[in-house]
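# Examination of the molecular architecture
So the chains spell out like this:
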Amino acid sequence: MLYFNNDSFYVELPQLSKKSTNSKDVVAGLGEIGLPIYQLISKNCQTIGYDTNPKLINKKLNQKYENLPTRFLHICIPFSKKFMPRVKSLYKKFEPQSIVIHSTISPGTTIKIQKSLKIPVIYSATRGIHKRMLNDLKRYTKFFAITPNTPKSKSIANQYSTLLKSCKVKTKKMSNPIALEVAKIVVDTSYYGWLINYAQISNMIAKKYGVDYDEMWSFSDEIQKYLGNRPKMFPGFIGGHCVIPNLALIGDNTLKIIKEINSDYAKILKKRKTRKK
Ligand SMILES: NC(=O)c1ccc[n+]([C@@H]2O[C@H](COP(=O)([O-])OP(=O)(O)OC[C@H]3O[C@@H](n4cnc5c(N)ncnc54)[C@H](O)[C@@H]3O)[C@@H](O)[C@H]2O)c1
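Here the structure is a predicted model, which means the values were calculated and not measured.

Reading the values: rules and limits
- Residues numbered from 1 in each chain as written.
- Predicted model: local features only at pLDDT ≥ 70, side-chain atom pairs only at ≥ 80, totals over all residues.
- Helix = DSSP H or I, 4+ residues; strand = E, 2+ residues; numbered from the N terminus.
- Buried ≥ 20, exposed ≤ 12 C-beta atoms within 10 Å, placed from the backbone.
- Contact = placed C-beta atoms within 7 Å.
- Axes fitted to C-alpha atoms, helices over the stretch in contact; angles between N-to-C directions.
- Left-handed = near helix turned anticlockwise from the far one by under 90°.
- Nonpolar A, V, L, I, M, F, W, Y, C, P; charged D, E, K, R; others polar.
- Core = buried A, V, L, I, M, F, W, Y, C linked by C-beta atoms within 7 Å.
- Pairing = 2+ DSSP bridges.
- Right-handed = clockwise from strand over helix to strand, strands pointing away.
- Domains from an automatic or database assignment.
- Near = placed C-beta within 6 Å.

### Here we look at the overall build of the protein chain
Regarding its fold elements, the protein chain presents eleven helices and nine strands. Dimensions of the protein chain, computed from the C-alpha atoms along their principal axes, are close to 70 × 45 × 35 Å. For the protein chain, buried positions account for 31% of its 277 residues. Considering only contacts within the protein chain whose residues lie at least 6 apart along the sequence, 66% involve residues at least 24 apart.

And the structure:
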């Protein structure tokens, strides 16, 4: 089946599973994480994709399954101030049995959404790099969490784990969505940024003293090998749309330093380049 996509224009999407059931899943937001999530789950259950960009929608398929009730509505849209109203409007459109948020969100969002809806809302953070997202989705355990004391949460948690098991993805349930919302930012993307910051700082010091970066870091190779607590990172500029934008979601003053060091590093590198010219 051919399908439109911004980058590659055509992407092969899997056919609906022969294991037809009386419900469908909906993936909302067919971008860098939504499309691979669609590709992953549509192999095992009836799934349709939905996006505000009509070019990304397979209209025929969506019409065919229009009248089937929705089991999971998978939210894969970027976080913004309008995230909550957007999720609610998708909820009204598809009337799902449960919502799964795969996007990276500001801590506290899942509980806020849960309070305003009667159906269970799962937060299930996504790990991976967009270039190899489908493989990364299969490689990493998919953590998830539901607000404690939510009605039907046990059965929904079981259904979600079963769905992912059928896709050969392991799951792990955390006690509370906030723990996972914070984890996604603090011990994943921000930690990565923090480590790159140290590479940037150490590179600037190496340059100041006319020292070779790799030779300097070779001093910590064995410690890293034996203790694993001296990781050497590449001293590049932090670009992309995860590490730096995710800092704004957590709004922590200390973590803001990651963005500041990155910006200063870019300025210093630019100055050095202009001096060399
Ligand atoms: N890209 C990654 O590698 C990655 C990794 C982990 C987590 N995430 C998180 O996943 C989320 C989505 O990121 P992405 O990179 O896939 O974004 P993206 O920009 O590639 O795709 C988002 C898609 O959602 C659509 N969309 C926006 N609002 C919509 C709405 N109301 N209804 C339906 N569709 C809508 C857009 O048209 C777009 O196609 C973000 O929270 C991001 O932080 C991304």
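Picking up after the structure, the text goes on.
### Quick look at the packing of helix α7 (residues 177-208) against helix α11 (residues 256-276)
Helices that pack against each other are described as a pair by the angle of their axes relative to one another and the distance between those axes. α11 packs onto α7 with a crossing angle of 35° between their chain directions and a minimal axis gap of 9 Å. Viewed along their axes, α7 and α11 form a crossing whose handedness is left-handed. Between α7 and α11, the residues in contact are S190, G193, W194, N197, Q200, I201 and M204 and I258, I261, N262, Y265 and I268, respectively. Grouping the constituent residues of the contact of α7 with α11 by class yields seven nonpolar, five polar and no charged.

### A few points about the nonpolar core
Of all hydrophobic cores here, the largest spans 40 residues; its most connected members are A28, I37, I75, I99, I101 and I122. The dominant element in this core, judged by the number of residues it contributes, is helix α1 (residues 34-41), at five residues.

### Observations regarding the pairing of strand β8 (residues 142-146)
When you tally the buried positions in β8, you get four out of five residues, the bulk of the element. Of the strand pairs in this sheet, strand β7 (residues 121-123) and β8 are connected by two bridges, and their pairing is antiparallel. Note on β8: the bridge partner recorded for Y123 is A145. In this sheet, strand β9 (residues 171-173) lies alongside β8 in parallel orientation, the contact comprising three bridges. Note on β9: the bridge partner recorded for F143 is K172. Since β8 and β9 lie parallel, the crossover through helix α6 (residues 153-166) that links them has a hand, and here it is right-handed.

### What about the domain arrangement of the protein chain?
Domains assigned within the protein chain are domain 1 (2-175) and domain 2 (183-276). Each of domain 1 and domain 2 was reduced to a C-alpha centroid, and the two centroids are 33 Å apart. On the side of domain 2, five residues touch domain 1, which itself brings seven residues to the contact. Here the residues of the side of domain 1 that touches domain 2 sort into four nonpolar, two polar and one charged.

### Examining the site of the ligand
The ligand sits among 25 residues. The nearest are G29, G31, E32, S103 and T104. A breakdown of the residues in the shell around the ligand according to their chemical character gives twelve nonpolar, ten polar and three charged.

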